[in-house]
Amino acid sequence: MPENFIPKEALDYIKNKNLKVGFSYKDVWNEEHATAFTVAKAMQIDVLSDLKKAVEKAIEDGQSFETFKKNIKPTLQQKGWWGKKKMTDPLTGDVIDAQLGSDRRLKTIYNVNLRSAYQKGQYDRTMASDLHPYLIYRVGNSVKHREQHLAWNGLILPKDDPFWDSHFPPNGYGCKCYTRAVSEARKKKYENEGIKIPPTVDGSGGGILKIKTKPPIAEYKQYFNERKGYVEKIPKGITPGFNWNQGNPRTESVKYILVEKLLLSMKDKTLIHISHRSYPETLKMYDEAYVMGKKGLNQKS
């Protein structure tokens, strides 16, 4: 991507993140990614720092994945963060054959971080524009799309609609979906004419994409993150860990992260063992703990 197309907000988004080690991808979750740069199994700060700098360079210079890989791979190999290695899970004590660096993992690191950063920049610019009150959901150029993502393709909603709190792309590993800002005039044009989709290089596909302007009926599944100790509702079609908006981290989820820290700081940690609880019970527990923790903090201040 040419340098003049790289939004400054995208680069700042990555640069402003702090390094946070995590053994599992579940150790740093949802909105925590808004302020933390992490790569599962990268337990050495210098290795994590090298990866972060490589991602920043890729955004700043508009590097392709091949260039990114060529630059970072020798460093990771030199520091021993490559291939498989026996590692002990600090949470469970289990010894596993951990996959460290690989071409496939580098591609995931590159794709997830760059797409998240670009979407953060897109969201910030849209929210700052009075001329663009809407966002449109579009699928990318993937060979195969997730069913729900296709159902959201062409959906235009106000940029402050709650739908974007949990459906703002990327919405999973390998997801190439994106959003674009839409003006009132453009929205009316799309409603009247649809969006022309050109055929693929082999001549297949193409046609007119009909626009949708009503949010879909929400369908959820429960997901238990055993490493964080809580249950959450995840919209169908969203990969766990992606159900948040990079540009606008939700207050409720941030609250639960703060509550978790409060609970972990208490001597009695039994409250976080909630795998047997229902989702409503979990939310009630967190709300009660949040109020209790706030009272404690206010008394200390």
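These numbers were taken from a predicted model, which means no experiment stands behind them. (Residues numbered from 1 in each chain as written. Predicted model: local features only at pLDDT ≥ 70, side-chain atom pairs only at ≥ 80, totals over all residues. Heavy atoms only, no water.)

A. Region of interest: the overall build of the chain. Tallying secondary structure elements over the chain gives nine helices and 11 strands in all. Counting across all 301 residues of the chain, residues that qualify as buried make up 47%. Considering only residue pairs separated by 6 or more positions, the chain has 65% of its internal contacts joining residues 24 or more positions apart. With an accessible surface of roughly 16600 Å², the chain has 52% of that area assigned to carbon and sulfur atoms. (Helix = DSSP H or I, 4+ residues; strand = E, 2+ residues; numbered from the N terminus. Buried < 20%, exposed > 50% of the residue type's maximum accessible area, 1.4 Å probe, protein only. Contact = heavy atoms within 4.5 Å. Areas by Shrake-Rupley, 256 points an atom, 1.4 Å probe, with all protein chains shown as cover.)

B. Molecular detail of the sheet that holds strand β7 (residues 178–182). Spatially, the three strands line up as an open sheet ordered β6-β5-β7, and their pairing is antiparallel. Edge positions in the sheet fall to β6 (155–158) and β7, since each of these pairs with one other strand and no more. Averaged over all pairs of adjacent strands, the angle between strand axes in this sheet comes to 30°, irrespective of strand direction. Pairing of strand β5 (residues 134–138) with β6, which is carried by four bridges, proceeds in the antiparallel orientation. (Pairing = 2+ DSSP bridges. Axes fitted to C-alpha atoms, helices over the stretch in contact; angles between N-to-C directions.)

C. Structural detail: the nonpolar core. Counting 31 residues, the largest nonpolar core has Val39, Leu51, Val55, Ile59, Phe68, Trp81 and Leu106 as its most contacted members. Of all the secondary-structure elements, those providing two or more residues to this core are α1 (8–15), α2 (45–61), α3 (65–78) and α4 (103–128). For this core, the leading source of residues is α2, giving seven residues. The next biggest cluster of nonpolar side chains, apart from the first, holds 18 residues, and it includes Leu135, Tyr137, Phe163 and Ile238. (Core = buried A, V, L, I, M, F, W, Y, C linked by side-chain atoms within 4.5 Å.)

D. Spotlight on the packing of α2 against α3. Between α2 and α3, the least distance of the axes is 10 Å, while the angle of their chain directions is 170°. Between α2 and α3, the interaxial angle falls into the category roughly antiparallel. Here α2 runs over α3; the crossing is right-handed. On the side of α2, the interface is formed by Val47, Asp50, Leu51, Ala54, Val55 and Ala58, while α3 contributes Phe68, Ile72, Thr75 and Leu76. When the residues that make up the contact of α2 with α3 are grouped by side-chain class, the tally is eight nonpolar, one polar and one charged. (Parallel < 35°, antiparallel > 145°, perpendicular 65-115°, else oblique. Left-handed = near helix turned anticlockwise from the far one by under 90°. Nonpolar A, V, L, I, M, F, W, Y, C, P; charged D, E, K, R; others polar.)

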